[in-house]
Amino acid sequence: MKKLTCLLVLYLACIVNVTAQQTTVKGVVADTTNKKKVAFAVVLLMTPKDSALSYFTRTDKDGLFSIKNVDTGRYILQITQSLFADYVDDITVGNAEVDLASISITPKSKLLQEVIVKSGSPIKIKGDTISYTADSFQVSANANVEELLKKLPGIQVDKNGQIKAMGEVVQKVLVDGEEFFGDDPGMAVKNLRADAVKEVQVFDKKSDQAEFTGIDDGEKSKTINLKLKEDRKKGYFGKLEAGGGLDNNSTGRYNNAAMINAFKGKRKLAAYVMNGNVGKTEMDWRDEENFGGEGGSYSMSMDEISGNMNYTWNGGADEGADYINGENGFSRNANAGLHYSNKLNEKHNINSGAKYNDVQQTTGTRNYLQTFLPDTSFSENTRDDNWVKRQNLKFNTTYEWKMDSANSLKFAGNLNFIQSQSENTNYSDAINEQGNLVNNSDKLRTNQSDRTNLRMNLLWKHKFKKAKRTLSLTTDWRYSQVDADGYLLADNRFFDNGTFLRRDSVDQFKTTHTDTRTFDSRLSYTEPLWKDFYAEVNYGFNAALANNNRTSFSKTTGGKYEQRIDSLSNNFDQSITTHRMGLNLRYVKKKLNYAIGMAVATTAFDLQDISLARQYNYDFINLFPSANINYNIKQNKSVRFNYNGSTRQPSLNQLQPLRENNNPLSLYIGNPNLSQSFRHNVNIGYNSYNFLKERGMWLGGWGSVTQNAITNTVTIDSLGRRVSQPVNVDGLYNVSMNVSLFAKHRKTGIQFNGGPNVSVSRSIDFINGLRNKSINYSYGGYVSLSKSKDKKYDVGLSVNPSWNFNKSSLNSQRTQFLNITTGVRGTWFITKNFEIGSDCDFNYRQRTSGFDRNNNNTIWNAYIGHNFLKKTLSARLQGFDLLNQNNIINRSVSSNYLNESISQRLQRYFMLTITWNFNKNGKPVGNDE
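Residues numbered from 1 in each chain as written. Predicted model: local features only at pLDDT ≥ 70, side-chain atom pairs only at ≥ 80, totals over all residues. Heavy atoms only, no water.

**Focus: the overall build of the chain**
Working step 1: Secondary structure summary: the chain contains 6 helices and 51 strands in total.
Working step 2: Taken over 929 residues, the chain has a buried fraction of 49%.
Working step 3: Put simply, of all contacts in the chain between residues at least 6 apart along the chain, 64% involve residues at least 24 apart.
Working step 4: Of the roughly 44100 Å² of accessible surface on the chain, a fraction of 54% belongs to carbon and sulfur atoms. (Helix = DSSP H or I, 4+ residues; strand = E, 2+ residues; numbered from the N terminus. Buried < 20%, exposed > 50% of the residue type's maximum accessible area, 1.4 Å probe, protein only. Contact = heavy atoms within 4.5 Å. Areas by Shrake-Rupley, 256 points an atom, 1.4 Å probe, with all protein chains shown as cover.)

**Regarding the sheet that holds strand 7 (residues 98-105)**
Working step 1: Ordered by their spatial adjacency, 3 strands build an open sheet running 4-1-7, and the pairing between neighbours is mixed. The sheet is open, and its two borders are formed by strand 4 (64-67) and strand 7, each paired with just one other strand. Within the sheet, the average angular offset between the axes of one strand and its neighbour, ignoring direction, is 20 degrees.
Working step 2: Bridge analysis of strand 1 (residues 25-31) against strand 7 gives 6 bridges, and the strand direction is parallel. (Pairing = 2+ DSSP bridges. Axes fitted to C-alpha atoms, helices over the stretch in contact; angles between N-to-C directions.)

**Observations regarding the sheet that holds strand 10 (residues 155-157)**
Working step 1: Strand order across the open sheet formed by 3 strands is 10-11-12, with antiparallel pairing between neighbours. Every other strand in the sheet has two partners, leaving strand 10 and strand 12 (168-169) as the edge strands with one partner each.
Working step 2: One ladder, built from 2 bridges, connects strand 11 (residues 163-165) with strand 12; its direction is antiparallel. By the bridge assignment, Ala165 is partnered in strand 12 with Glu168.

**Some thoughts on the nonpolar core**
Working step 1: Among the nonpolar cores identified, the biggest contains 40 residues, and Leu149 and Ile224 are the most heavily contacted of them.
Working step 2: If we skip the residues at most four places from it in the chain, Ile224 touches Leu149, Ile155, Ile163, Val170, Lys172, Val173, Leu174, Val200, Gln201 and Val202.
Working step 3: Membership of the second largest hydrophobic core comes to 19 residues, among which are Leu45, Tyr75, Leu77 and Ile103. (Core = buried A, V, L, I, M, F, W, Y, C linked by side-chain atoms within 4.5 Å.)

**Considering the packing of aromatic side chains**
Working step 1: Under the defined criterion, the tally for this structure stands at 20 aromatic pairs.
Working step 2: Both rings, one in Tyr55 and one in Tyr75, keep their centres 6.0 Å apart while their planes meet at 70 degrees; by these two values the pair is edge-to-face. Placement of the pair is Tyr55 in strand 3 (residues 53-58) and Tyr75 in strand 5 (residues 73-81), with a sequence separation of 20 residues.
Working step 3: For Tyr75, a relative accessible area of 8% translates into the label buried. (Phe/Tyr/Trp six-rings, centres within 6.5 Å; stacked < 30°, edge-to-face > 60°.)

**With respect to the side chain of Asn367**
Working step 1: Looking at the secondary structure, you find Asn367 in strand 23 (residues 348-372).
Working step 2: A polar contact is formed between the side chain of Asn367 and the side chain of Asn899, at a distance of 2.8 Å.
Working step 3: In this view, Asn367 contacts Glu380, Asn381, Thr382, Asn899, Glu900 and Ser901; residues no more than four positions away in its chain are not counted. (Polar contact = N/O pair within 3.5 Å; in protein donor to acceptor, adjacent residues only side chain to side chain.)

**Description of unusual backbone geometry**
Working step 1: Phi angles above zero are rare outside glycine, and Lys468 is one such case at about 75 degrees.
Working step 2: Along the chain, Lys468 falls in the loop between strand 26 (437-463) and strand 27 (470-496).
Working step 3: Since its relative accessible area comes to 30%, Lys468 is described here as partly exposed.
Working step 4: Residues other than glycine seldom take positive phi values, yet Asp881 does so here, at roughly 50 degrees.
Working step 5: Tracing the backbone through its elements, the reader meets Asp881 in the loop between strand 48 (873-880) and strand 49 (887-894).

**Some remarks on a positive patch on the surface**
Working step 1: A cluster of basic residues, Lys266, Lys343, Lys402 and Lys463, forms a positive patch on the protein surface.
Working step 2: For Lys266, a relative accessible area of 56% puts it in the exposed group. (Patch = residues over 30% accessible without salt bridge, like charges linked within 9 Å, V, L, I, M, F, W, Y side chains within 5 Å. Salt bridge = Lys/Arg side-chain N within 4 Å of Asp/Glu carboxyl O. Lys, Arg positive; Asp, Glu negative; His and termini not counted. Charge placed at Lys NZ, Arg CZ, Asp CG, Glu CD.)

**Focus: a nonpolar patch on the surface**
Working step 1: On the surface, Tyr594, Ile629, Tyr631, Val639, Phe641, Val682 and Ile684 cluster together to form a nonpolar patch covering roughly 530 Å² of accessible area.
Working step 2: Elements supplying a minimum of two residues to the nonpolar patch: strand 33 (614-634), strand 34 (637-648) and strand 37 (677-690).
Working step 3: Here Val639 lies in strand 34.
Working step 4: A relative accessible area of 34% places Val639 in the partly exposed class.

**Regarding the pattern of salt bridges**
Opposite charge on two side chains allows them to pair when their charged atoms are near.
Working step 1: Across all of its chains, the model carries 25 salt bridges by this definition.
Working step 2: Between Arg253 and Asp247 there is a salt bridge; the shortest N-O distance is 3.1 Å.
Working step 3: With a shortest N-O distance of 3.8 Å, Asp385 and Arg366 are connected by a salt bridge. Placement of the pair is Asp385 in strand 24 (residues 377-402) and Arg366 in strand 23, with a sequence separation of 19 residues.
Working step 4: For Asp385, a relative accessible area of 29% puts it in the partly exposed group.

**Quick notes on the pairing of strand 38 (residues 695-707)**
Working step 1: One ladder, built from 13 bridges, connects strand 37 with strand 38; its direction is antiparallel. Within strand 38, the residue paired with Tyr689 across the bridge is Gly696.

**Details of the side chain of Arg580**
Working step 1: Note on placement: Arg580 falls in strand 31 (residues 570-588).
Working step 2: An unpaired buried charge is present at Arg580: no salt bridge exists, and Glu536, the closest side chain of opposite charge, is 7.5 Å distant.

**Let's talk about the pairing of strand 45 (residues 811-831)**
Working step 1: Across 15 bridges, strand 44 (residues 793-808) lies against strand 45 in antiparallel orientation. Looking at strand 45, one finds that Tyr793 is bridged to Trp828.
Working step 2: Linking strand 44 back to strand 45 in an antiparallel pair, the connection comprises 2 residues.
Working step 3: Relative to strand 46 (residues 834-845), strand 45 runs antiparallel, the two sharing 12 bridges.

**Thoughts on the environment of Leu64**
Working step 1: Within the fold, Leu64 resides in strand 4.
Working step 2: When residues no more than four places from it in sequence are discounted, the contact partners of Leu64 are Gly27, Val28, Arg58 and Thr59.

**Structural notes on the environment of Asn757**
Working step 1: Assignment of secondary structure puts Asn757 in strand 42 (residues 751-767).
Working step 2: Linking Asn757 and Asn738, residues 19 residues apart in sequence, is a C-alpha distance of 4.4 Å.
Working step 3: With sequence-adjacent residues up to four places away left out, Asn757 is seen in contact with Met737, Asn738, Ser778, Tyr779, Gly780 and Gly781.

**A closer look at the environment of Phe395**
Working step 1: Relative to the helices and strands, Phe395 resides in strand 24.
Working step 2: Along the chain, Phe395 and Gly353 lie 42 residues apart, while their C-alpha atoms are 5.9 Å from each other.
Working step 3: Look past the residues within four positions of Phe395 in its chain and what remains in contact with it is Gly353, Ala354, Gly413, Asn414, Leu415 and Phe417.

**Brief notes about the confidence of the model for the chain**
Working step 1: The predicted model of the chain averages 82 in pLDDT, with 86% of residues at 70 or higher.
Working step 2: Low pLDDT, under 50, characterises residues 1-20; the stretch is placed with 13 contacts to residues that sit more than four places away or in other chains. (pLDDT = per-residue confidence, 0-100.)

Shown next, in the form of structure tokens:
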């Protein structure tokens with residue numbers, strides 16, 4: 001019977017060969033371990049659509065095979081041999097002969113030595129995507145996705161919620177391939193349950209242009225995609241959470257939240273509300289860009305390889321006056337959000353949402369600053385108390401329309417309304433190195449502002465009949481308006497060797513109106529030159545228009561703020577236009593991908609000082625070289641190199657010749673004669689994974705050298721007053737390296753994550769007319785050990801050291817200090833429904849001559865939890881900061897400054913939280929087995 005079957009297969013193959021084209025597929029099959037040729041292996045060619053057999057042969061005694069007269073097209077190549085694992089690959093057969101060269105297959109004995117095969121492998125690789133099976137990593141009952149990510153090898157989540165994967169910052173978190181609550185990575189990971197996720201996929205998302213053309217342009221963003229379980233894609237699920245307790249002062253503490261998700265196929269509907277007063281503002285780590293200070297503007301820079309323009313908000317001297325950091329101080333917040341996305345059909349896709357945020361916060365910060373001058377030094381102590389109330393309403397929508405097989409259109413829009421009020425009281429004193437008082441100051445500043453930010457983006461894409469020949473047009477329009485006003489009251493006292501000299505008082509009312517409009521467009525055409533080699537020609541036009549009108553008033557004899565102060569008022573217009581032409585040549589193969597490119601851009605500055613009737617005009621011509629190489633050594637091992645040159649334009653605040661006195665002891669003056677800077681950027685990376693052995697390594701290196709960098713010249717007089725102005729300077733550089741390793745010891749089950757990092761940077765500024773070169777070194781790393789046993793325990797230990805070293809040409813004394821954070825955590829499952837947990841961080845900060853205070857602290861938290869009703873209902877009693885030592889301490893060294901700040905935080909409090917998890921999708925929420 002076997003002989004008859006074999007003859008039948010050979011007969012069918014002969015029939016196919018008779019009618020085939022004149023194309024030959026050949027190769028040689030070898031053993032991966034000893035490189036010997038594999039004889040009598042079966043070689044099959046099957047159609048991709050239905051895996052039907054098309055061609056068949058066997059290797060000879062030397063491992064060679066040849067299949068003649070094969071039709072052109074795509075096939076599945078399969079090689080089987082009883083002692084070896086099956087080999088499967090996709091191949092394309094053209095008119096020319098296909099030589100597959102040497103094909104390596106792995107003995108089954110080798111596979112058995114390296115891995116125990118079981119269903120639900122915890123980590124898998126397919127192409128450049130790493131997939132983690134969520135249920136293979138133990139998390140506590142009712143955990144969110146953020147807790148799950150912390151358990152995955154190669155992924156880190158810091159205290160601010162920033163996510164890093166393989167040493168790179170994650171820019172997007174998708175849910176089933178779609179954005180969730182806009183582009184906010186924090187919403188998905190904080191508010192989706194871990195047990196709703198089937199897989200966590202990590203990959204480098206290609207740019208829209210590369211996904212459209214099929215030509216990899218080297219632009220990628222680290223992305224996480226959360227694939228939901230099938231039963232969670234229908235019906236609804238969510239949670240209700242209520243928590244209350246007391247702090248040290250018997251003040252009531254609360255944190256309440258509700259979220260519901262209603263998913264049906266491609267349709268996703270989600271909503272949440274939350275409020276609390278325990279410092280959880282639910283702000284994403286990137287939200288600061290939405291809350292830049294008054295008087296700022298968008299600065300414009302050419303984007304790396306693509307040549308697109310980037311716009312970055314640059315605030316004035318007030319920048320961040322009403323920005324809220326949830327870690328600091330004491331805050332009360334209320335948040336709500338709504339998300340809707342749906343793939344209506346094959347042509348239409350929509351993704352939209354709205355978010356509302358209302359936060360009120362008080363903070364208290366103590367700042368200690370040392371300033372070094374060539375002939376003396378100052379020590380400054382500052383007490384800063386701040387109150388902020390801010391309301392923010394944000395809308396976002398994305399609509400995609402696949403018009404036909406050749407054309408598509410994508411629209412994305414964001415609209416943001418922000419209202420804020422703030423009040424800041426500040427006391428400072430400065431002491432010289434002899435211990436004598438130089439100055440002291442009391443200051444009160446109030447501010448209220450209304451802001452509107454609007455952004456719209458339109459992308460049209462067209463594919464020609466010829467493969468890889470494409471045309472695309474993208475336009476991006478942004479509008480920002482800020483209207484603000486407030487009062488500045490200051491009492492500044494100056495001393496000569498401790499003897500009172502004089503007093504300066506400030507009583508002013510200030511108004512600000514800022515209007516910024518930017519337009520960016522890019523037309524791109526790609527053409528295949530020959531096999532695997534492509535060209536892209538592009539043209540871009542960019543325009544940035546801005547107006548900044550700032551006015552200060554003093555009191556008249558009638559007691560009203562009606563006297564305009566000309567030296568502190570200015571109306572300034574900015575117009576920057578850029579035309580850019582570029583050519584990129586790219587070679588793309590399965591293993592090797594490289595490109596070189598060059599662009600030429602002309603930039604025209606038109607600056608008008610309306611108040612002083614002055615005009616400044618500048619024209620620049622810039623070259624933008626670029627090169628990148630990506631080489632996949634193996635499926636799980638690759639190396640990359642990128643170089644590009646980019647410009648950065650000065651911001652409106654840096655250009656406007658206005659004396660800013662929001663801090664009367666530290667004045668700022670713009671410089672309309674600034675030039676744009678040019679930065680050379682280099683990026684290298686190496687990745688190697690072996691998930692069969694559960695180990696891997698990621699290595700990254702970054703470096704930049706900046707020409708015409710924008711820095712400051714600072715004048716400090718004998719009374720401690722500063723005047724700063726931006727200037728251009730050469731010689732700035734920054735170099736850093738990061739290594740991330742992970743490994744799991746099979747016998748003990750202990751998982752290791754860690755690696756070193758180092759950075760070196762040089763900055764240059766001018767202090768009292770002297771050139772000051774400062775070099776900063778930072779050496780650090782992290783080590784994490786963890787071990788868990790399903791339904792028994794989950795424990796971990798981490799150590800994060802950092803050593804900072806600075807030397808400055810104006811400071812003969814080198815400054816260095818060591819910080820070490822050691823963390824211990826543990827969760828013990830006493831029964832299947834009862835658990836206890838604790839985490840403790842000990843922060844060591846080395847004392848120095850400048851930082852001689854004992855600022856070590858230990859933050860200890862603990863909880864007891866119990867689950868009811870098959871884990872749909874849970875109760876948790878938590879104690880936060882049991883040792884009552886919680887505060888925020890930051891140290892920094894730069895230029896001729898040494899700084900340490902200590903900010904108040906909510907300290908010891910206790911809270912009882914009840915959580916109800918519900919769903920209606922045919923499966924219980926809990927996994928109470």
